[in-house]
Amino acid sequence: MRESAIMSDNLKAAIELSVWLALIAIATLLAILGVLSLEGCIWVATLLMLGIFLAAWRGLGGGRHPCFLFLGMLLVFQFGRPIAHMVGALSDPMQIEVATAVPFQISPIAAQITLLILVLSAICIYAPCRFGYRPEVFRPGNEARWLEALYVLVLITF
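Residues numbered from 1 in each chain as written. Predicted model: local features only at pLDDT ≥ 70, side-chain atom pairs only at ≥ 80, totals over all residues. Heavy atoms only, no water.

## A short note on helix H3 (residues 66-78)
Its 13 residues place the ends of H3 18 Å apart at the C-alpha level, agreeing with the 18 Å of an ideal helix rising 1.5 Å per residue. Along H3, the residues that are buried comprise Cys67, Phe68, Leu71, Gly72, Leu74 and Leu75. Taken down its axis, H3 places every buried residue within 160 degrees of arc, on the same side. What points out from H3, more than 90 degrees from its buried face, is the exposed set Pro66 and Phe77. The inward-facing, buried residues of H3 contact helix H2 (38-59), helix H4 (80-86) and helix H5 (108-132). (Helix = DSSP H or I, 4+ residues; strand = E, 2+ residues; numbered from the N terminus. Expected span 1.5 Å × (residues − 1). Buried < 20%, exposed > 50% of the residue type's maximum accessible area, 1.4 Å probe, protein only. Arc of directions from axis to C-beta. Contact = heavy atoms within 4.5 Å.)

## Some thoughts on unusual backbone geometry
Positive phi values are uncommon outside glycine, yet Ala99 reaches one of about 60 degrees. Tracing the backbone through its elements, the reader meets Ala99 in the loop between strand S1 (95-96) and strand S2 (104-105). For Ala99, a relative accessible area of 85% puts it in the exposed group.

## Re H5
For H5, spanning 25 residues, the distance from its first C-alpha to its last is 37 Å, which sits close to the expected 36 Å at 1.5 Å a residue. Taken as a whole, H5 has its buried residues at Ala111, Gln112, Leu115, Leu116, Leu118, Val119, Ala122, Ile123, Tyr126, Ala127 and Arg130.

## A closer look at the pattern of salt bridges
Under the criterion given, the structure shown has three salt bridges. In this structure, Glu97 and Arg81 form a salt bridge, with 3.8 Å as the shortest nitrogen-oxygen distance. Separated by 16 residues along the polypeptide, Glu97 in the loop between S1 and S2 and Arg81 in helix H4 bring together distant segments of the chain. Residue Glu97 is classed as partly exposed on the basis of its relative accessible area of 41%. Look at the salt bridges and you will find they share partners, linking Glu16, Arg58 and Arg130 into a network. (Salt bridge = Lys/Arg side-chain N within 4 Å of Asp/Glu carboxyl O.)

Here you go:
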């Protein structure tokens, strides 16, 4: 790859990551000022996480990078309850009910901070992968017939 193309890719990555960090900063400021409620924070954090996940698909070779898999698992395991809340399956995604005799809730500000820190951690995982990514040219041979089946397997895994 030419040096100017690498610089251009790094510049695009820097701009993209600056936008993600600015969105997190704005959401955090709105949460601190009390403008963003817990419900709003759930929506904002989940949509930001989905956006980072889709950006990893686009920016890291269509899902062929371990960072994409990690972000997908982070989305499923850490944002499963907020997503279930968004579609109406849970009334309170922040209620702790596993491994306790009596379910309890955390404070709304602690829940907001937790959600925003999870999104920030996703950005911190995505950033070095995005800067260091250099696409490999895939020249399919006989194994190309398995590629669609492997994509289906990845989708089933999620």
